[in-house]
Every structure is written in structure tokens, then in C-alpha cells.
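Read off the chains here:
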Amino acid sequence: MRSDGERALGGLLAAMHLRGMEDLPREVAEHARAAGFSHVMIYVTDLQQQLLVPLPGQRDAAGEPLETLRIDATLPGRAFRAVTVVRTRSPQGEEAPLLWVPLLDGTERIGVIGLAAPQDGELTETRAKDLASLVAVMVISKRPHSDSFARLVRARPLTLSAEVLWNLLPPGTFANDDVVVSTALEPAYEMGGDAFDYALDGSTLHVSIFDAMGHDTSAGLTASIAMAASRNHRIHGMELAAIGEAIDAAIREEFTGRFATGILARLDLRSGLLSWVNRGHHPPLVLRDGRLVASLASEPDPPMGFGLDVSTGLMHYQLEPGDRLLFYTDGVIEAQSPDGELFGLERFIDFVVRREADGVSAPETLRRLIQAILAHQNGRLQDDATVVTVEWQTRRRFQLVL
């Protein structure tokens, strides 16, 4: 015989097969009651991961519409930042806790769910985590075809370039037993020429980062072509250097005078051997035991789009377990304060190292890094800033609570 919690989850799953995003809060609240939760509040994060925005139609215990919350100054935000369950007092009384549980799809932080529980204890927390896991999967499955969700998580309209790129980018984080990939990109609403991509193919992780010339729609289209050409030829088994040449040809075919720099890399997850080609881009960095141990600098081949001959080609570096790779675009280190001070490479590395020493997860480190870069420029970037981190066999798993 199934428990109350199992019946609640099964009933919710069945009910949502033919429901949309707008129906999710009502259905979750109805089926959560069968698991003992009298009040449910579902929040999702905005594009910049600064806010927790309630799904529409929800009300608090006093009957008032739920308000948007800040991630950096609230208890629900703490559950999101630390990826942990946060307890507070429920409106029902001291013996009935209010649990804030992060919504996770793998390692992608979707938002948080608040649940008023009839009592505290291990069984209650387990049921809350199970419900949060199912709700996260439902949000992920419903959001691609929900305009209402897209409006909800946008604080303002996207530029055309940003609209194109957001629909091409992979999720911001990914993890398995061998690797953790985390990414961040700003400005979220006006991004132009930056893009990143990653994919797992058996025991090989493919990673790429691109920085196209300019900050307009043409820059976004150039980056889109670079990413699409990279994916297309990678999936068909082409080697890295040849992929770079294919991207070069694709850009030249569509534009005159446009180009993109980039890193095309692959990591053997069994051995830790990193292979890459550098097409006019900043070199990847390697952090180990809280310090920079290598800048993978070389004579870079020309940017893609000029049709120039390449000479350096494929390069290799042997990682050690626990190493963290950093890929980045010039908008990170060249971010400039109003008085002309650059954010700089040293400050960038120091920021990542300090957060790692504090035990902050990689996705949260990059979220905080972007906020620091924005603050350095008084909230507005002059150039796209993109960071991709890859942690190989960290032995320090992403702090999942579910």
C-alpha cells in the first residue's frame, strides 16, 4: 500500500500531464495537502538570479498575493544560495515549521518552494524534498512552451540578440560523478556576442566559449552561427581543429568582416586529459588547491571568420583530480569602474579562489562573481561577461540536499 506522500506525488504527476504552467501552483497545493502540507509557495529565480519571483495566483497565510523576494537578503534566498533546507516558524504555530526547500533540476537551481508542515521531523523533511524534486521537474518540462513563465522571470524585455542566444544556450549548470560545469553570462537582457556550450558524450565532456565582434544583433547572430556550427560538426565526430575551421567558414559565408574568438575544448573524464584549440581567445586557467597553477597560454590561432591559416592547432594539458578550469571572455577582466579601474585578472582569480575556500558551490560562486562585476561598473556592463568553470573529479560533490 502506498503512503500518503507517495499518493500525493503520484496524483500530482498524473494531474499535470495535461496541465500548463499556470495550473502548477493550484495542483501542487491540492496534492501537497495529502502529504500533510497546508500551505505551499512556489518561487522561481529571475534571469539574473537576483530575485525569487512567485508563480502567479498564490497567496500568503493572510490571503495577500505573494511578493517578489531578494535572493541575497531573505530566508528563502538562503535556501537557494546554500542549496539546503531552511526552517522558520510557520503561521500555524511554533510546533509547525515552515520549510524552504530549493528546487533543483540536477544542479540547476530553479527556485524554492515553501511548505507549512504539520510537524517537524525526518519524515516531514523527506516528503518536502520529494515534492520539491517533482515540482522542479514540472517547471522544467512546462517552461519551454510558456510565455507567461518567460514574462515572469524577465525584469525587462530582452534585446533580439539576447532572445536568440538564451534559446540556444544549455542549462547554467551540470554535474555527475566526474565533473561539475557551471556558467554565468551578463548582461542577461542585452547580451550580444558572447556564448558558451557544453555537452557530454560518453566519457568525454565538450566545452566551448565564444566572443563575437561587437555588441549588436549581428554580434549575436555571429555567436549563434559559431555555436551552431560547433555543435553540428562536433556531433558528427569532427576533431577540434577541424571544427574551428568549419566555424570560420560558416561565419565567412554569412558575414563580411565579422569574426569570433573562442576556445574549443574536450576533457577525457577518465584520465583528466584536456585538449583544446584557441582561436584568438584568452587562455583557460587552472586552479588547484586554492591557487592558480597554470595559464594555458600559447600562440593563439586567428579568430574565426577571417579565413586565415592556423599554425598552433591542438594543445593538451593533464589535469589532476580536483582541478578547476576557468574559461572567460574579456568582459570579465576588462569590466571598468566609473573612475577607470579594471576588474582585472588578479581580482577575478582571487574572487573564485576565496569563494572556493569558503565552501561555496561553483554555481553560487559564479552568481556572486557576476554581481561583483556588475557592482564594479555601477550595475551596467560595457561588454558581455561570460565565465564557464569545469571541476574535474572534485571529490567535493555539489551540495545537493535532495
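All values reported here derive from a predicted model rather than from experimental measurement.

S.K.: Could you give an account of the sheet that holds strand β13 (residues 285–288), naming the residues involved and the relevant values?
M.R.: Strand order across the open sheet formed by 6 strands is β7-β8-β17-β16-β13-β14, with antiparallel pairing between neighbours. Each of the sheet's edge strands pairs with one partner strand only, and the pair in question is β7 (173–175) and β14 (291–295). Strand-to-strand twist in this sheet, taken as the mean axis angle between neighbours without regard to direction, amounts to 20°. Pairing of strand β8 (residues 179–186) with strand β17 (residues 385–392), which is carried by 8 bridges, proceeds in the antiparallel orientation. Paired with valine 179 across the strands is tryptophan 392, a residue of β17.

S.K.: I'd like a rundown of the pattern of salt bridges, residues and numbers included.
M.R.: For the structure shown, the criterion picks out 27 salt bridges. A salt bridge links arginine 109 to glutamate 364, with the nearest nitrogen and oxygen atoms 2.7 Å apart. Here arginine 109 is found in strand β6 (residues 108–116), whereas its partner glutamate 364 is found in helix α11 (residues 362–376), with 255 residues between them in sequence. Note on accessibility: arginine 109 and glutamate 364 belong to one class, buried. Measuring nitrogen to oxygen at the nearest pair gives 3.1 Å for the salt bridge that ties arginine 266 to glutamate 239. Of this pair, arginine 266 sits in strand β11 (residues 260–268) while glutamate 239 sits in the loop between α7 (217–235) and α8 (240–254); the two residues are 27 residues apart in sequence, bridging distant segments of the chain. Judged by relative accessible area, which is 23%, arginine 266 ranks as partly exposed. We classify glutamate 239 as partly exposed; its relative accessible area is 47%. Here the salt bridges share partners, and the residues they tie into one network are Asp72, Arg109, Glu364, Arg367 and Arg368.

S.K.: Break down helix α2 (residues 24–32) for me, with residues and values.
M.R.: When we look at burial in α2, the residues that qualify are Leu24, Pro25, Glu27, Val28, His31 and Ala32. In a view along the axis of α2, the buried residues occupy a sector of 170°, so they form one face of it.

S.K.: I'd like a rundown of the pairing of strand β15 (residues 315–318), residues and numbers included.
M.R.: For a regular strand, side chains alternate in direction, first toward one face of the sheet and then toward the other. The side-chain alternation of β15 yields one buried face, formed by Met315 and Tyr317, and one unburied face, formed by His316 and Gln318. In this structure, strand β12 (residues 273–279) lies alongside β15, joined through 4 bridges in antiparallel fashion. Pairing of serine 275 across the sheet is with histidine 316, part of β15.

S.K.: Talk me through the packing of α2 against helix α4 (residues 122–142); I want residue IDs and the actual numbers.
M.R.: In the contact formed by α2 and α4, the axes pass within 12 Å of each other and the chain directions differ by 160°. Classified by the interaxial angle, the pair formed by α2 and α4 is roughly antiparallel. You can see that α2 and α4 cross each other, and the crossing is right-handed. Taking contact as the criterion, the partners of Leu24, Val28 and Ala32 in α2 are, on α4, Leu131, Val135, Met138 and Val139. Across the contact of α2 with α4, the residue classes tally to 7 nonpolar, no polar and no charged.

S.K.: Now, about the confidence of the model for the chain: what can you tell me, with residues and values included?
M.R.: Of the residues in the chain, 95% reach a pLDDT of 70 or more, and the chain-wide mean stands at 90. Note that residues 395–402 has pLDDT below 50 and, in this model, 24 contacts with residues that lie over four places away or in other chains.

S.K.: Explain α8 to me, using residue names and the numbers behind them.
M.R.: Taking 1.5 Å per residue, 15 residues should reach 21 Å; α8 reaches 22 Å between its end C-alpha atoms and fits that length. Along α8, the positions that sit buried rather than exposed are Leu240, Ile243, Gly244, Ala246, Ile247, Asp248, Ala250 and Ile251. Packing partners of the buried residues in α8 comprise β10 (204–212), α7, β11 and β12.

S.K.: Describe the packing of aromatic side chains, naming the residues involved and giving the relevant values.
M.R.: All chains considered together, the criterion is met by 4 aromatic pairs. Plain terms: the ring middles of phenylalanine 259 and phenylalanine 306 are 4.9 Å apart, the flat faces sit at 35° to each other, and that makes the pair tilted. With phenylalanine 259 in the loop between α8 and β11 and phenylalanine 306 in the loop between β14 and β15, this pair connects stretches of sequence that are 47 residues apart. Among the residues examined, phenylalanine 306 registers a relative accessible area of 39% and is labelled partly exposed. Lying over the aromatic face of phenylalanine 343, arginine 347 brings its terminal NZ or CZ to 5.3 Å of the ring centre. The ring of phenylalanine 351 carries arginine 355 above its face, with NZ or CZ at 4.9 Å from the centroid.

S.K.: Describe in detail the sheet that holds β10, supporting the description with residues and values.
M.R.: What the 5 strands build is an open sheet, ordered β9-β10-β11-β12-β15; its pairing is antiparallel. Both outer strands of the open sheet, β9 (194–201) and β15, are each paired with one neighbouring strand and no more. Strand-to-strand twist in this sheet, taken as the mean axis angle between neighbours without regard to direction, amounts to 15°. On the sheet, α7 packs against β9, β10 and β11 and is oriented at approximately 160° with respect to β10.

S.K.: If you had to explain the side chain of glutamine 377 to someone new, which residues and values would you point to?
M.R.: Turning to its location among the elements, glutamine 377 is positioned in the loop between α11 and β17. Every residue in contact with glutamine 377, bar those within four places of it in the chain, is listed here: Ala335, Gln336 and Gln382.

S.K.: Describe the layout of surface pockets, listing the residues and the values that go with them.
M.R.: Here the largest pocket is characterised by a volume of approximately 1,100 Å³. In this structure, the largest pocket is lined by 37 residues; those nearest its centre are Leu47, Glu108, Arg143, Trp166 and Gly172. Looking at the lining of the largest pocket, the elements with two or more residues in it are β1 (39–45), β6, α5 (147–152), α6 (160–166), β8 and α11. At 5 residues, the largest contribution of residues to the lining of the largest pocket is made by α11. There is about 190 Å³ of room inside the second largest pocket. Around the second largest pocket sit 15 residues that line it, and Pro187, Glu190, Arg380, Leu381 and Gln382 are the ones nearest its centre. A breakdown of the residues in the lining of the second largest pocket according to their chemical character gives 3 nonpolar, 6 polar and 6 charged.

Procedures and definitions
- Residues numbered from 1 in each chain as written.
- Predicted model: local features only at pLDDT ≥ 70, side-chain atom pairs only at ≥ 80, totals over all residues.
- Heavy atoms only, no water.
- Pairing = 2+ DSSP bridges.
- Helix = DSSP H or I, 4+ residues; strand = E, 2+ residues; numbered from the N terminus.
- Axes fitted to C-alpha atoms, helices over the stretch in contact; angles between N-to-C directions.
- Salt bridge = Lys/Arg side-chain N within 4 Å of Asp/Glu carboxyl O.
- Buried < 20%, exposed > 50% of the residue type's maximum accessible area, 1.4 Å probe, protein only.
- Arc of directions from axis to C-beta.
- Parallel < 35°, antiparallel > 145°, perpendicular 65-115°, else oblique.
- Left-handed = near helix turned anticlockwise from the far one by under 90°.
- Contact = heavy atoms within 4.5 Å.
- Nonpolar A, V, L, I, M, F, W, Y, C, P; charged D, E, K, R; others polar.
- pLDDT = per-residue confidence, 0-100.
- Expected span 1.5 Å × (residues − 1).
- Phe/Tyr/Trp six-rings, centres within 6.5 Å; stacked < 30°, edge-to-face > 60°.
- Lys NZ or Arg CZ within 6 Å of the ring centre and 35° of its normal.
- 1 Å grid on protein atoms, 1.4 Å probe; cavity = no way out; pocket = protein on both sides within 12 Å on 5 of 7 lines; lining within 4 Å.
- Points joined across faces, edges and corners; volume = space filled by probe spheres on them.

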